[in-house]
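# Summary of structural features
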Amino acid sequence: MVKIVYSFLVLIVVCICACVFYLVNPNDAQYKSYYSQLQYFKAMDSGDINKAIDSLNNPVSIKYHYAQNFMLSNLLISAGRYDEAQKVIESFEKEYDYSHCAPRKFWGKLFCRLEFAAIGQPKFEYRKNLYLSKLYFAKGDYKKAIEYDNADKNRDVCYSTRLLSASGDIDAANKFMNLCAKKYEKARYPRAMHIARGSYLMAQKNYKAALSEFEKDIKLSNCQSIKTCRGNSTTYLYMAQCYKKLGNNSKTLEYYNKILTSEPWNYKANEEIKKLKK
């Protein structure tokens, strides 16, 4: 009887060990996706866009991992590689994800994964419509961009403000600007609101007021002292456009070059600089 009990306990211990190994196994596909993201960040910091894309460009092997698709599509859009970006976005699907357990220590990984086993893995729904909208926005096809934005169930009202402002639909942009302001009125870092309001003011040709909003956004950023930080690229792009409208070519060039400091591959900045130098 004792031997049976002993054998049973040993079996339980073996099963527990096997489960623990599975839960913290660094070769897990989701964990691999996390480490490929680290390679992506290293490549981005060195300005090597091709290496960055290569580190992310096999999403099928990791079940269309949401973070990799998100980063890869944004990177391809900023580089003007729109057809490639569309293929990535079209592959978006609902997917379970627990890769954020990866950077934790052994016991942290274990409890992180056990938590998922108890309450279910968090499901990240790919917002395909939003990213298709961003793709067409970048291409300047506002009609299709608005069409996909309207289809997004969890609409980003600040993004909608920017899109509608760029399309020239001031009345619709005003509606979403109010919603954006309400959403961020008590936020500690209302960056999205300042960018949206700046773009809304640009649509009304109030460029100096728009620049003031963009400056507020820059002040909330922690990017200024970090050469490789890409967090201000959108704002710099808007500021360059404002200065161009005001006829200040030196400032326009300055802000396009600020984008290229962290994103030397940025398609729009490079194209606009070429036009300025003609």
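Please refer to the structure higher up on the page.
So, a few notes on the structure that sits alongside this text.

Rules and cut-offs
Residues numbered from 1 in each chain as written. Predicted model: local features only at pLDDT ≥ 70, side-chain atom pairs only at ≥ 80, totals over all residues. Heavy atoms only, no water. Helix = DSSP H or I, 4+ residues; strand = E, 2+ residues; numbered from the N terminus. Buried < 20%, exposed > 50% of the residue type's maximum accessible area, 1.4 Å probe, protein only. Contact = heavy atoms within 4.5 Å. Areas by Shrake-Rupley, 256 points an atom, 1.4 Å probe, with all protein chains shown as cover. Axes fitted to C-alpha atoms, helices over the stretch in contact; angles between N-to-C directions. Parallel < 35°, antiparallel > 145°, perpendicular 65-115°, else oblique. Left-handed = near helix turned anticlockwise from the far one by under 90°. Nonpolar A, V, L, I, M, F, W, Y, C, P; charged D, E, K, R; others polar. Arc of directions from axis to C-beta. Polar contact = N/O pair within 3.5 Å; in protein donor to acceptor, adjacent residues only side chain to side chain. Salt bridge = Lys/Arg side-chain N within 4 Å of Asp/Glu carboxyl O. Phe/Tyr/Trp six-rings, centres within 6.5 Å; stacked < 30°, edge-to-face > 60°. Lys NZ or Arg CZ within 6 Å of the ring centre and 35° of its normal.

### A closer look at the overall build of the chain
Each helix and strand counted, the chain has 15 helices and two strands in total. Across the 278 residues in the chain, those meeting the buried criterion constitute 42%. Within the chain, counting contacts between residues at least 6 apart in sequence, those at least 24 apart form 55% of the total. A total accessible area of about 15800 Å² is found for the chain, and carbon and sulfur atoms account for 55% of it.

### With respect to the packing of helix α13 (residues 233–245) against helix α14 (residues 249–262)
Contact pair α13 / α14: the axes reach a minimum separation of 7 Å and the direction vectors enclose 165°. Compared by their axis directions, α13 and α14 come out roughly antiparallel. Note on packing geometry: the crossing formed by α13 with α14 is left-handed. Contacts between α13 and α14 involve S233, Y236, L237, M239, A240, Q241, Y243 and K244 on the former and, on the latter, K251, T252, Y255, Y256, K258, I259 and S262. Of the residues in the contact of α13 with α14, the class split is eight nonpolar, four polar and three charged.

### Concerning helix α15 (residues 267–276)
Inspection of α15 places A269, E272 and I273 among the buried residues, and these make up the whole buried set. The arc enclosing the buried residues of α15, seen along the axis, measures out at 105°, which places them on a common side. Check the buried side of α15 and you find it contacts α13 and α14.

### With respect to the side chain of S160
Examined against the element boundaries, S160 turns out to sit in helix α9 (residues 157–167). At 2.9 Å, the side chain of S160 and the side chain of R155 are in polar contact. If we skip the residues at most four places from it in the chain, S160 touches D149, R155 and F176.

### Topic: unusual backbone geometry
For K205, which is not glycine, the phi dihedral falls at a positive 65°. Structurally, K205 is set in the loop between α11 (191–203) and α12 (207–220).

### Overview of the pattern of salt bridges
Oppositely charged side chains may form a pair once their charged atoms are brought near each other. For the structure shown, the criterion picks out 10 salt bridges. In this structure, the salt-bridge partner of R81 is E84, at a minimum N-O distance of 2.8 Å. Overall, the relative accessible area of 34% leaves E84 in the partly exposed class. Put simply, R191 and D217 hold a salt bridge, and the shortest N to O gap is 2.6 Å. Highlighted residues: R191 in helix α11 and D217 in helix α12, separated in sequence by 26 residues. Connected through salt bridges with shared partners, the residues R197, E213 and K216 form a single ionic network.

### Looking at the side chain of S78
Within the fold, S78 resides in helix α4 (residues 66–78). Judged by relative accessible area, S78 falls into the buried class, the value being 19%. In this structure S78 touches E263, W265, N266 and Y267, once residues within four positions along its chain are discounted.

### Details of the packing of helix α8 (residues 142–151) against α9
Contact pair α8 / α9: the axes reach a minimum separation of 10 Å and the direction vectors enclose 155°. Classified by the angle between their axes, α8 and α9 sit roughly antiparallel to one another. Crossing angle aside, the handedness with which α8 passes α9 is left-handed. Across the interface between the two elements, Y142, A145, I146 and D149 of α8 pack against Y159, S160, L163, L164, A166 and S167 of α9.

### Points about the packing of aromatic side chains
Counted according to the given criterion, the structure contains seven aromatic pairs. For the pair Y243 and Y255, a centre-to-centre distance of 5.6 Å together with 15° between the ring planes defines the contact as stacked. Pair noted here: Y243 is in helix α13 and Y255 is in helix α14, with a separation of 12 residues, a long-range link. A single burial state applies to Y243 and to Y255, both of which are buried. Chaining the aromatic ring pairs together yields one cluster made of F137, Y142 and Y159. The cationic tip of K144 hangs over the ring face of Y136; the distance from NZ or CZ to the ring centre is 5.5 Å.

### Thoughts on helix α3 (residues 49–56)
The set of residues buried in α3 consists of I49, A52, I53, S55 and L56. The arc that holds every buried residue of α3, seen down its axis, measures 160°, which confines them to one face.

The values are spatial; any link to function lies outside them.
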